[in-house]
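Structure assessment
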Amino acid sequence: MGIHSGRSALVTGSTSNIGRAIAIAMAAEGAHVVVSGRDEARGAAVIDSILQAGGRADFVRADLDGSSVRSRALGDAAWELTGGRIDVLVNNAGIYPSGTDAPIADDALVDRMYGVNVKAPFFLTHHLAPRMAPGSAVVNLGSWVARLGLPGDGLYASTKAALEALTRSWAAQYGPSGVRVNAVSPGVIRPPEVAAGRFPGDPLMATAPARESGAPEAIAAAVVFLASDAAAFVHGTVLDVDGGRASVHLAAHG
Ligand SMILES: NC(=O)c1ccc[n+]([C@@H]2O[C@H](COP(=O)([O-])OP(=O)(O)OC[C@H]3O[C@@H](n4cnc5c(N)ncnc54)[C@H](OP(=O)(O)O)[C@@H]3O)[C@@H](O)[C@H]2O)c1
């Protein structure tokens, strides 16, 4: 019996890296997990690994372009698959193309980044949270860059700052009816397929206390906690799981 036994969870963007680790960890804790993303092959691989470990999961393909129609369609499909019960919503899907700040960014890029990173979770949360039962939880994915300026990263940082602000507003809006809303703010998290030192973000962690990029399982553990009854008194917070990146700056190695 895991701490999420008998519960259902929808994890957006769970075909890769952090979202995949969250889906696997939630399933390992007993949740029926709805895995989602655009890539059906990678989605099927995540479902396979959950089923092989004895868990329960289904895949819903969704291209979350920021339209209310797409977000609501995903919410409805997940609601139906879980028999009308979503206890945990994890707004993880996000894009962070590098060097996207002005003057390179055009209308389409700004719209796409705000569409996937802000509008999609905005519409999905307002569609599902009013229907979620007391004891449910929403967890959003922020980022350390929302609070530490980097040249050229302002566009992405602003989308994550928006989601962190929405986290506090939604905690105020939905908390009184028993739906807690929190966020996890990761540091640089290297996908397991990429060798250490090869992820473009790796050098950014050299001056943080952890001295290296994190693993997606570190973020998954925080999400599992925030979504659980152990966090019943935690509302509207942004939990840094970032190797100290947003709080501390050390001398470089050597
Ligand atoms: N990795 C880091 O260092 C880091 C640090 C701080 C915060 N974060 C945040 O953590 C979250 C996950 O990051 P990650 O590194 O795991 O990213 P990732 O490996 O690039 O995975 C992103 C996920 O989002 C999905 N996705 C992207 N566009 C989508 C769309 N239009 N519709 C539906 N799904 C879409 C992808 O699925 P498909 O390709 O199948 O569509 C994939 O499953 C993001 O919100 C990111 O901003 C990451």
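Up top is the structure these notes are about.
In short, a report on the structure. (Residues numbered from 1 in each chain as written. Predicted model: local features only at pLDDT ≥ 70, side-chain atom pairs only at ≥ 80, totals over all residues. Heavy atoms only, no water.)

Another aspect to go through is the overall build of the chain. If you tally the helices and strands in the chain, you get six helices and seven strands. The secondary structure elements of the chain, listed N-terminal to C-terminal, are β-α-β-α-β-α-β-α-β-α-β-α-β. Each of the three principal axes of the chain carries a C-alpha extent, and together these read 55 × 40 × 40 Å. Of all 254 residues assigned to the chain, the portion counted as buried reaches 49%. Pairs at least 24 apart in sequence give 73% of the contacts found in the chain among residues at least 6 apart. Accessible surface for the chain amounts to roughly 11,200 Å². Of this, 57% is attributable to carbon and sulfur atoms. Here the chain contributes 20 positive and 23 negative side-chain charges, whose respective centroids are spaced 2 Å apart. (Helix = DSSP H or I, 4+ residues; strand = E, 2+ residues; numbered from the N terminus. Buried < 20%, exposed > 50% of the residue type's maximum accessible area, 1.4 Å probe, protein only. Contact = heavy atoms within 4.5 Å. Areas by Shrake-Rupley, 256 points an atom, 1.4 Å probe, with all protein chains shown as cover. Lys, Arg positive; Asp, Glu negative; His and termini not counted. Charge placed at Lys NZ, Arg CZ, Asp CG, Glu CD.)

So, on to the site of the ligand. In the vicinity of the ligand, 28 residues are found, and the nearest of them are Ser16, Arg38, Leu64, Tyr96 and Tyr156. Between Thr15 and the ligand, the recorded distance is 2.8 Å, taken from a side-chain N or O atom to an oxygen atom. In this structure, an oxygen atom belonging to the ligand sits 2.6 Å away from a side-chain N or O atom of Tyr156. Relative to its unbound accessible area of 890 Å², the ligand is 91% covered by the protein chains. If you list the elements that add at least two residues to the shell around the ligand, you get helix H1 (17-28) and helix H5 (154-174). When the residues that make up the shell around the ligand are grouped by side-chain class, the tally is 12 nonpolar, 11 polar and five charged. (Near = heavy atom within 4 Å. Polar contact = N/O pair within 3.5 Å; in protein donor to acceptor, adjacent residues only side chain to side chain. Nonpolar A, V, L, I, M, F, W, Y, C, P; charged D, E, K, R; others polar.)

Running from N to C, helix H3 (residues 68-81) and helix H4 (residues 107-128) cross one another at 45°; their axes reach a closest spacing of 8 Å. Relative to H4, H3 is oriented oblique. Crossing of H3 against H4: the hand is right-handed. Contacts from Ser68, Ser71, Arg72, Leu74, Gly75, Asp76 and Trp79 of H3 reach H4 at Ala120, Phe123, Leu124, His127 and Leu128. (Axes fitted to C-alpha atoms, helices over the stretch in contact; angles between N-to-C directions. Parallel < 35°, antiparallel > 145°, perpendicular 65-115°, else oblique. Left-handed = near helix turned anticlockwise from the far one by under 90°.)

This part takes up the sheet that holds strand S5 (residues 136-141). If you walk across this open sheet you meet the seven strands as S3-S2-S1-S4-S5-S6-S7, and the pairing is parallel. Strands with a single pairing partner mark the edges of an open sheet, and in this sheet they are strand S3 (56-61) and strand S7 (238-241). Averaged over all pairs of adjacent strands, the angle between strand axes in this sheet comes to 20°, irrespective of strand direction. In terms of strand pairing, strand S2 (residues 32-37) meets S3 through six bridges, oriented parallel. Residue His32 lies in a different strand from S3, and its bridge partner there is Arg56. Strands in contact with H3 are strand S1 (8-11), S2 and S3; relative to S3, the strand with the most contacts, it is inclined by about 155°. (Pairing = 2+ DSSP bridges.)

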